[in-house]
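Understanding the architecture of this molecule
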Amino acid sequence: MLKINDLKVNYGGIEAVKGISFEVPEKSIVTLIGANGAGKSTTLRTIVGLKKPSAGTIMFLGDNIAGTDTSSIISKGITLVPEGRRVFADMSVIENIKIGGYLRTDSLEDDINWVYDLFPRLKERSWQMAGTLSGGEQQMLAVARALMSRPKLLMMDEPSLGLAPIIVQGIFDIIKEINKQGVTILLIEQNANMALHAADLAYVMETGHITMQGSGKELLADESIKAAYLGKKKN
């Protein structure tokens, strides 16, 4: 579905992404793991058009979307759930959800019911101001809002950041359920253990380079990954 080839992205005079290549197969869950500053968020922001690449191609369903504006990319079927949720605090839950379908001209009703089925807690709080929700509920709302554009590819930037472990498990259960319903997922996540358990395919990113790839299970079993990202010492 998505094929990145030799992608380079600059921040000022600094090359943050240094010629990476990777693929996201249709209907899979793919994760990028790595330390802060590795270039993961920059990669997602570039795919969705918030950053312009200095080189390389971003092929989505056969079209090169590198450098395309964000609205066009969303209309093609890619949506990003940003780090930090970024809900509209002074608007209600239902108003936040409807904003996610702003490019659509058809009825949103069926999709509102779909996201309420995924997130019953949001239905209970439909008219509550988003800023009064808990961190976990705001993350649910950010995902629900993104789903309103009917994405073929849903990208998520650190969905578990700042959440309690029991809430993180619930978020990952929802990610798996969304994937089962046919949405492809590209995920970056500090919680490497949860991400690798969920992922069909995983890539390790370090200082702008992809240094390792494999299935989630393969990377979970790799001793260097255990030592660097899972808090387990090498024997």
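Everything discussed here concerns the structure shown above.
The following paragraphs examine the structure supplied in this document.

Cut-offs and rules
- Numbers given to residues run from 1 along each chain, matching the order in which its sequence is written.
- Confidence filtering applies because this is a predicted model: local features only for residues at pLDDT of at least 70, side-chain atom pairs given and counted only at 80 or more, and all residues used for totals across whole chains, interfaces and linings.
- Each side-chain value is derived from all of the structure's non-hydrogen atoms; neither hydrogens nor water enter the calculation.
- Here a helix means four or more residues in a row that DSSP labels H or I, a strand means two or more in a row labelled E, and each is numbered from the N terminus.
- Restricting the calculation to C-alpha atoms gives the radius of gyration, and the globule rule supplies 2.2 Å times the number of residues raised to the power 0.38.
- Using a 1.4 Å probe on the protein chains alone, a residue whose accessible area is under 20% of its type maximum counts as buried, one over 50% counts as exposed, and one in between counts as partly exposed.
- In this description, a nonpolar core means a group of buried Ala, Val, Leu, Ile, Met, Phe, Trp, Tyr and Cys residues linked to one another through side-chain atoms lying within 4.5 Å.
- In what follows, residue pairs with any heavy atoms lying within 4.5 Å of each other are defined as contacts.
- Any Phe, Tyr or Trp ring, taking Trp's six-membered ring, that has another such ring centre within 6.5 Å forms a pair; planes under 30 degrees apart are called stacked, those over 60 apart edge-to-face, and the others tilted.
- DSSP calls a pair of strands paired once it identifies at least 2 bridges connecting them.
- Throughout, an axis means a line fitted to C-alpha atoms (over the contacting stretch in the case of helices), and angles, computed between N-to-C directions, take values from 0 to 180 degrees.
- Salt bridges are defined by distance alone: a side-chain nitrogen of Lys or Arg within 4 Å of a carboxyl oxygen of Asp or Glu.
- Each helix should span, by expectation, one fewer than its residue count multiplied by 1.5 Å.

Notes on the overall build of the protein
Summing up its helical and strand segments, the protein has 10 helices and 10 strands in all. At 17 Å, the protein has a C-alpha radius of gyration in line with the 18 Å of a compact globule built from 235 residues. Principal-axis analysis of the C-alpha atoms places the extent of the protein at approximately 50 × 40 × 30 Å. Counting every position in the protein, which comprises 235 residues, the buried fraction comes to 49%.

Notes on the nonpolar core
In this structure, Ile 97, Leu 154, Ile 178 and Ile 185 are the most contacted members of the largest nonpolar core, which totals 47 residues. At 7 residues, the largest contribution of residues to this core is made by helix α6 (residues 135–147). The residues touching Leu 154, leaving out its near neighbours within four places in the chain, are Thr 79, Val 81, Val 143, Ala 146, Leu 147, Ile 178, Val 183, Thr 184, Ile 185 and Leu 186. Grouped together as the second largest cluster of nonpolar side chains are 27 residues, Val 24, Val 30, Leu 32 and Ala 38 included.

As for the packing of aromatic side chains
Geometry of an aromatic ring pair is reported as the spacing of the ring centres plus the angle between the planes. Going through the model one piece at a time under the given rule, you end up with 1 aromatic pair. Ring centres of Phe 22 and Tyr 203 lie 5.3 Å apart, and the angle between their planes is 55 degrees; on these two criteria the pair is classed as tilted. Of the two residues, Phe 22 sits in strand β2 (residues 14–24) while Tyr 203 sits in strand β9 (residues 201–206), which places them 181 residues apart along the sequence. Using a relative accessible area of 3% as the deciding quantity, one classes Phe 22 as buried. The class for Tyr 203 is buried, based on a relative accessible area of 3%.

Digging into the sheet that holds strand β10 (residues 209–214)
One open sheet accounts for 6 strands, arranged β6-β7-β8-β3-β9-β10; its pairing is mixed. Whereas interior strands pair on both sides, the edge strands pair on one side only; in this sheet they are β6 (78–81) and β10. If you compare each strand with its neighbour and ignore which way they point, the axes differ by 20 degrees on average. Pairing between strand β3 (residues 29–33) and β9: 4 bridges, direction parallel. Bridging across to β9, Leu 32 finds its partner in Tyr 203. α6 contacts β6 and β7 (153–157) of the sheet and is inclined by roughly 170 degrees relative to β6.

Here we look at the pairing of β10
Regular strands have side chains that alternate between both faces of the sheet. In the sheet, β9 pairs with β10 via 5 bridges, with the strands oriented antiparallel. Directly across from Val 204, in β10, lies its bridge partner Met 212.

Considering the pattern of salt bridges
Counted by the stated rule, this structure contains 7 salt bridges. Linking Arg 150 and Asp 106 is a salt bridge whose minimum nitrogen-to-oxygen distance equals 3.6 Å. A residue pair is termed long-range when its members are at least 10 positions apart, and Arg 150 in the loop between α6 and β7 and Asp 106 in the loop between α3 (93–99) and α4 (109–118) qualify at 44 residues. The exposure class assigned to Arg 150 is partly exposed, which follows from its relative accessible area of 46%. Between Arg 150 and Asp 111 there is a salt bridge, and its shortest N-O distance comes to 3.0 Å. Of the two residues, Arg 150 sits in the loop between α6 and β7 while Asp 111 sits in helix α4, which places them 39 residues apart along the sequence.

Regarding the environment of Ile 78
Turning to its location among the elements, Ile 78 is positioned in strand β6. A sequence separation of 106 residues divides Ile 78 from Thr 184, and the C-alpha atoms of the two residues are 9.6 Å apart. Ignoring anything within four residues of it in the chain, the contact list for Ile 78 reads Ile 47, Val 48, Phe 60, Ile 65, Ile 73, Leu 153 and Met 155.

What to know about α6
Given a rise of 1.5 Å per residue, 13 residues ought to cover 18 Å, and the 19 Å separating the end C-alpha atoms of α6 matches this to within 8%. Within α6, 12 of the 13 residues are buried, which leaves it mostly tucked inside the rest of the structure. Turning to α6, its buried residues are Gly 136, Glu 137, Gln 138, Gln 139, Met 140, Leu 141, Ala 142, Val 143, Ala 144, Arg 145, Ala 146 and Leu 147. Buried-residue contacts for α6 involve β6, α3, α4, α5 (120–124), β7 and α7 (165–180).

By themselves, these figures tell us nothing about what the structure is for.
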